[in-house]
Amino acid sequence: MRTENLITVNDFCVYHNVEYTFVDYLADAGMVKVTTVNQTNCIPLDEIQKLEQLVRLHNELEINEPGIATINNLLQKLEDMEQEMSVLRSKLRLYEG
């Protein structure tokens, strides 16, 4: 993986004022992907937006880690359902026309 597409977990934590263990929990729970490069944990840039959303839930709404896991699961299910509805709408248009 190219290193210019990564940000270190430490840099992310310092910038967003969160504990390293918080990101570690999210990674262990499978909510975000963390890769190791030269013994340094890094976050791919395409994961940053999702991670920032989870940090906002934690900091602004004071939701703990298990609550964030539940919310993340529900948001993922909602996204999956929206994609399925889009596919079904496309199929329905074939029969309407």
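For the structure, see preceding data.
1. Remarks on helix α3 (residues 45–60)
Its 16 residues give α3 an end-to-end C-alpha distance of 23 Å, which sits within 8% of 22 Å, the value for a rise of 1.5 Å per residue. Within the sequence span of α3, burial applies to Glu47, Ile48, Leu51, Leu54, Val55 and Leu57. If you follow the buried residues of α3, they end up packed against β1 (6–8), α1 (9–16), α2 (20–28), β3 (40–44) and α4 (65–96). Positive phi shows up at glutamate 62, right after α3, with a value of about 55 degrees.

2. Points about the environment of valine 9
The topology assignment puts valine 9 in helix α1. The sequence separation of valine 9 and threonine 36 amounts to 27 residues, and the corresponding C-alpha distance is 9.9 Å.

Procedures and definitions
- Residues numbered from 1 in each chain as written.
- Predicted model: local features only at pLDDT ≥ 70, side-chain atom pairs only at ≥ 80, totals over all residues.
- Heavy atoms only, no water.
- Helix = DSSP H or I, 4+ residues; strand = E, 2+ residues; numbered from the N terminus.
- Expected span 1.5 Å × (residues − 1).
- Buried < 20%, exposed > 50% of the residue type's maximum accessible area, 1.4 Å probe, protein only.
- Contact = heavy atoms within 4.5 Å.

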